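Here's the letter readout for the chains.
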Amino acid sequence: MSDYNRATKEIDFGEIPVNVIKSVQTYIEKHNLGNILANPVMCTVSTSEKLKKGLFSGAGPKLLVQTAILTDRWLILADNVDQNALYIKSMQLRDITVEDYEKSSFYKMIPDTGMNVNGRFTDASELGSIFLPLGKDATGEKFKSALVEAVQKAKV
């Protein structure tokens, strides 16, 4: 069982909180990415709350709220960790591969739900990997499918 209780809900692009959109726009301007938000396919907010297990609850944030914006060409993630600053990441879909975490070799060691994302991120000089947490719910499953489909289309 995961160390986190995860839930994902779909939101309209216009429902993304103002502070998140402002941080994303600042990031886009800083990296000269242009109008990458033009064609949103799906937007979600995933909430991950640390479960208390025994006397010590272990490392990691107590609360992670991740806003994901999937467009026809980009994946933009805004992480709010323990209600502190927002951390923005972006990647062109043609530069990444995605894998359902539950189908990965890591799942047997650390059960969880979400996607492994591997490849080139906008502000990184080398290839990298991240875990994209998603709830084990209808919206989490819908986002997995939408992300896989969008990545496949971007590589054509």
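This text gives an overview of the structure that appears in the document.

Conventions used here
Residues numbered from 1 in each chain as written. Predicted model: local features only at pLDDT ≥ 70, side-chain atom pairs only at ≥ 80, totals over all residues. Heavy atoms only, no water. Pairing = 2+ DSSP bridges. Helix = DSSP H or I, 4+ residues; strand = E, 2+ residues; numbered from the N terminus. Axes fitted to C-alpha atoms, helices over the stretch in contact; angles between N-to-C directions. Contact = heavy atoms within 4.5 Å.

Across eight bridges, the pairing between strand β1 (residues 4-11) and strand β2 (residues 40-50) is antiparallel. Each residue of the ladder has a partner; that of Thr8, found in β2, is Ser46. The pairing of β2 with strand β3 (residues 63-71) spans nine bridges and is classified as antiparallel. In the strand pairing of β3, Met42 is matched with Leu70.

Across the sheet, which stays open at both edges, the three strands sit in the order β6-β7-β8 with antiparallel pairing between neighbours. If you trace the sheet from one side to the other, it starts and ends with β6 (96-100) and β8 (128-133), each paired once. Within this sheet the neighbouring strands show an average axis-to-axis angle of 20°, counted without direction. Pairing of strand β7 (residues 114-119) with β8 involves six bridges; the strand directions are antiparallel. Pairing of Val117 across the sheet is with Ile130, part of β8. Sitting on the sheet, helix α2 (residues 138-154) is in contact with β6, β7 and β8, with an inclination near 150° to β6.

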